[in-house]
Amino acid sequence: MSKRIGEILAVSGVYVTIEVDPSISDLHVRYSGKTYTIGQPGSYLIVDRGHDKHLILVTTIRKSRWSPSQNIEEISSQSVKEGLPKGNFPYLPKQPDLIDRTLIDGILVGTIIGQKFEVGVTHLPVVGDNVSIALRSHLSIALAPEKERSTISIGTFVDSTIPVHLDMDDLLGKHVAIVGTTGCGKSYTVARLLHEVIANYSGANVIVFDLHGEYRNCFSSCNHVRADQLSLPAWLHSFDSLFDLCADLSNQFNIHNQRWAFRDGIFKLKQRYCEEILKDSKLANNIDLDSPIPFNFQHLLNYLKNLNNETIDYSNDKPAYAVAGEHDLFKELIEYKAKEARKIAGGVLNGELDRLVLRVESRYKDPRYAFMFQYAEPKKGDLEELVRKVTGFVLESPLPITAYDLSYLPSETVGTVVATISRIIFQTHFLSKRRESVPTLIVYEEAHNYISHKGRGAYGDAREAAERIAKEGRKFGIGLFIVSQRPSELSETLISQCNTFLCMRLANSVDKNHVSSLLPDSMSNMIDILPILPRGHVLAVGQATKMPIRIAVTKIDNENHKPDSDDPPFGEKWKEEIGKRVIPDIAKICDKWIRSEKPDSEAKPDTKKKPSVSSK
Ligand SMILES: Nc1ncnc2c1ncn2[C@@H]1O[C@H](COP(=O)(O)OP(=O)(O)OP(=O)(O)O)[C@@H](O)[C@H]1O
Ligand SMILES: [Mg+2]
């Protein structure tokens, strides 16, 4: 049988319509011992023009009824003239006058010239050009990795075993989003990609924000960091985020007083560090409020309490201490003289900082915020040590992946942690030599939870930090990998800066339309296949792929290297007899709950083996 399936019926820009040869009514073509099903959305066809072959991506297939001899009006008027009523449809032509025609709509994605594939089309096909099935040899040329480009493969083209290569620089350097409903395989795909990274790029630097601790045991070469055990001292945070966390924002009339005192305390403490520890008085006079200069948080609290209790002696306009002598507003809590009519009055902020002091103190004592407020007395070299750890650029035995397990954190602190780590990574790259230093990929798992468009407070902070990377990160060597089941809830800036989309099953029309609005118009028909994509199938669109393509993600053979995200086995567990079921240990759970503890990590055995990566 011939590989020809029909001819071009219409061309409009990148859109083409093909009429299938009426002899192929069952839409199956046998060629060279293989049966090809034609017209499936997501498959490919070839416009065969000899040396140059256009590659068409099929988006729609439809049947239409048509009269070969006359148009419908002619037939209808003829039927009326003949006075032959035909059931309820007197104006429709008689059945024998009509024939079925199968039409395929598609988009032109590129041209195969000899053994090379070029994205785009120089000369458009014309009406009447022959269209044939795309053979494996055509697809192998089209999907071959480009020489001299670094590529990565996460799977094969769904209709064959040809691996699909994604361009590393375009994929990771210009941000990528992976979207799909829960359980469709996003985390699995991320794990697949990162296993490939570990296997092929030994000098990689990837930071993963793991919201549910799914990647805890997944990678052999990974520095797994429990975010609650990480110290991100208060001095590392921006002034605004620290103030938002500590101040009483409900009292608008008092905010300026709180801000002044908070600002003044931090500024003076940072100056003191420059003078006393760094012995750099020039720096002390030139610091920025947001400079990452360590200070002791307990000293800030003392200062605020002292200001709030301060009394002034009228006679000399100096602070009125109960015990005479020199006092340090920061290092000690000072006892002031009680107010006295006509002699001792309250200081400028006396009683004005009650709420601020209360909030700062409660934050300081809150075990959930211990990672931020409880730290040892700052010393020289603190910043360098911390930045090395956070960015993954440690000197001794660096690992390609640093995964921050956010699952141990109370939910209200997740935004703060993500914002701070993101900011440190950005600042490190911003200040390093462009292009010379190692680029970093940041994976935001379940990003809609902490980088949503409606995030406020700490979550607004995380959004701002991530948006800055989305907008400027490329220039400084940072790529983003956004993973989300609710793309419509994500920050607009973040998602619109992604140049590659890995779309998985997406049934919700709001999310589907949102993704559709971010893709080229020509892809709008393809988006309709998203609700029926099987688990583990990806529709890859954008800069990292030469053409829109459906990928079946390759299986991860080693059970231990899969993310810890299996579906709950309802059927199996519910069949067990009442007495034999494993029910939650409620006493233990209540105890943990009371103590604000988190679940134990369920370590899978044998996690330190080398990753085994298979091809399908
Ligand atoms: N390509 C694949 N091959 C085999 N199994 C897969 C594949 N993709 C996903 N799975 C399985 O499907 C289940 C769900 O996958 P995964 O956790 O990656 O979904 P998800 O999209 O990240 O869901 P959520 O949004 O809830 O985090 C897991 O048990 C995983 O092992
Ligand atoms: Mg997941």
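Because the structure is predicted, anything quoted here is derived from the model rather than measured.

The rules we used
Counting restarts for each chain, with residues numbered from 1 along the sequence as it is written. Lettering of chains starts at A and numbering of ligands starts at 1, both following the order in which they are written. Whole-chain, interface and lining totals are the exception, using all residues; otherwise, since this is a predicted model, local features are given only for residues with pLDDT of at least 70 and side-chain atom pairs are given and counted only at 80 or more. Secondary structure is summarised from DSSP: a helix means a run of H or I of at least four residues, a strand means a run of E of at least two, and numbering begins at the N terminus for each. Our radius of gyration looks at C-alpha atoms and nothing else; its globule reference is 2.2 Å times the residue count to the power 0.38. Here a residue counts as buried when 20 or more other C-beta atoms sit within 10 Å of its C-beta, as exposed when there are 12 or fewer, and as partly exposed otherwise, the C-beta atoms being derived from the backbone. For each residue, a C-beta position is placed from the backbone atoms; the residue is near a molecule or strand when that point lies within 6 Å of it. Residue classes follow a fixed rule: Ala, Val, Leu, Ile, Met, Phe, Trp, Tyr, Cys and Pro count as nonpolar, while Asp, Glu, Lys and Arg count as charged, and any other residue, Gly among them, counts as polar. Criterion used throughout: strands pair if DSSP finds at least two bridges between them. In plain words, the nonpolar core is the set of buried Ala, Val, Leu, Ile, Met, Phe, Trp, Tyr and Cys residues that C-beta atoms within 7 Å link up. Here contacts are defined at the residue level, using C-beta atoms placed from the backbone and a cut-off of 7 Å between them. Axes here refer to lines fitted to C-alpha atoms; in helices the fit is confined to the stretch in contact. Angles between the N-to-C directions go from 0 to 180 degrees. Any angle that is under 35 degrees is reported as roughly parallel, and any over 145 degrees as roughly antiparallel; angles of 65 to 115 degrees are reported as roughly perpendicular and all others as oblique. Left-handed is the label given to a crossing in which the near helix is rotated counterclockwise from the far helix by less than a right angle, and right-handed is the label when the rotation is clockwise. By construction, the arc corresponds to the directions joining the helix axis to the C-beta atoms.

> Any chance you could break down the overall build of the chain for me, citing the residues and the numbers?
Helix and strand content of the chain: 18 helices and 23 strands. The C-alpha atoms of the chain give 33 Å as radius of gyration, which overshoots the globular expectation for 616 residues (25 Å, by more than 25%). Over its C-alpha atoms, taken along the principal directions, the chain stretches across nearly 120 × 65 × 60 Å. For the chain, with 616 residues in total, the buried portion stands at 38%.

> Break down unusual backbone geometry for me, citing the residues and quoting the values.
The backbone of His175 sits at a positive phi, close to 65°, despite the residue not being glycine. Tracing the backbone through its elements, the reader meets His175 in the loop between α3 (168-173) and β12 (176-179). For Glu446, which is not a glycine, the phi torsion comes out positive at approximately 50°. Inspection of the secondary structure assignment puts Glu446 in the loop between β19 (440-444) and α13 (458-476).

> Describe the site of ligand 1, with residues and values.
Taken together, 18 residues are adjacent to ligand 1, and Thr182, Gly185, Ser187, Gly536 and Ser565 come closest. The greatest single-element share of the shell around ligand 1, amounting to three residues, is contributed by helix α4 (residues 186-200). Split into classes, the residues belonging to the shell around ligand 1 amount to four nonpolar, eight polar and six charged.

> Go over the sheet that holds strand β17 (residues 344-346) with me, naming the residues and quoting the values.
Across a sheet, paired strands are connected by hydrogen bonds in the backbone, their directions being either parallel or antiparallel. On the basis of which strands lie adjacent, the open sheet formed by three strands has the order β16-β15-β17 and antiparallel pairing. Taken across any chain shown, the strands that pair with only one partner, and hence form the sheet edges, are β16 (318-319) and β17. By the bridge criterion, two bridges tie strand β15 (residues 311-313) to β16 in an arrangement that is antiparallel. Within the sheet, the bridge partner assigned to Asp313 lies in β16 and is Lys318.

> Any details on the nonpolar core? Residues and values, ideally.
By size, the foremost hydrophobic cluster in this structure holds 143 residues, and its most contacted members are Ile482 and Cys503. At eight residues, the largest contribution of residues to this core is made by helix α12 (residues 411-431). Leaving out residues up to four positions away in the same chain, Cys503 has contacts with Val179, Gly180, Val515, Leu530, Val538, Leu539 and Val541.

> Run through the packing of helix α6 (residues 255-276) against helix α8 (residues 297-309), naming residues and quoting values.
The N-to-C vectors of α6 and α8 enclose an angle of 135°; their axes lie 10 Å apart at closest approach. The orientation of α6 relative to α8 falls into the category oblique. Crossing angle aside, the handedness with which α6 passes α8 is right-handed. For the pair formed by α6 and α8, the contact residues are Ala261, Gly265, Ile266 and Leu269 on the first element and His299, Leu300, Tyr303, Leu304 and Leu307 on the second. Split by residue class, the contact of α6 with α8 holds seven nonpolar, two polar and no charged.

> Mind laying out the pairing of strand β11 (residues 163-167), listing which residues take part and the relevant values?
The sheet contact formed by strand β10 (residues 151-157) and β11 spans five bridges and is antiparallel. Residue Ser153 lies in a different strand from β11, and its bridge partner there is His165. Turn length for the β10-β11 hairpin, with the two strands adjacent in sequence and antiparallel, is five residues.

> Can you break down helix α5 (residues 239-246) residue by residue, with the values?
Among the residues of α5, Ser241, Leu242, Leu245 and Cys246 are the ones counted as buried. The buried side chains of α5 occupy one side of the element, clustering within an arc of 125° when seen end-on.

> So, the sheet that holds strand β22 (residues 537-542): which residues are in play, and what are the values?
Spatial ordering of the open sheet is given by β11-β10-β23-β22-β21-β12-β20-β19-β13-β18-β14, a layout of 11 strands whose pairing is mixed. If you trace the sheet from one side to the other, it starts and ends with β11 and β14 (222-226), each paired once. Looking at each pair of strands side by side, their axes are set apart by 25° on average, direction ignored. Looking at chain direction, β12 and strand β20 (residues 478-484) are connected through four bridges and run parallel.

> An account of the environment of Tyr314 is requested, with residue identities and associated values reported.
Looking at where Tyr314 falls in the secondary structure, it is placed in the loop between β15 and β16. In contact with Tyr314, not counting residues within four places along its chain, are Arg342, Lys343, Ile344 and Ala345.

> Give a description of the packing of α8 against helix α9 (residues 354-365) that names residues and reports values.
It is at 9 Å that the axes of α8 and α9 come closest, and there the two elements cross at 160°. Comparing the axis directions of α8 and α9 gives the class roughly antiparallel. Regarding α8 and α9, the two cross each other, and that crossing is left-handed. Only Asp354, Leu356, Val357, Val360, Glu361 and Tyr364 of α9 make contact with α8, whose side of the interface consists of Phe297, Leu301, Leu304, Lys305 and Asn308. Each residue belonging to the contact of α8 with α9 can be placed in one class, and the counts come to seven nonpolar, one polar and three charged.

> Lay out the environment of Asn302 with the relevant residues and their values.
The residue Asn302 is located in helix α8 in this model. Given 19 C-beta atoms within a 10 Å radius, Asn302 is considered partly exposed. Distance from Asn302 to Gly571, taken between C-alpha atoms, is 59 Å for residues 269 residues apart in sequence. Every residue in contact with Asn302, bar those within four places of it in the chain, is listed here: Phe330, Lys331, Glu332 and Leu333.

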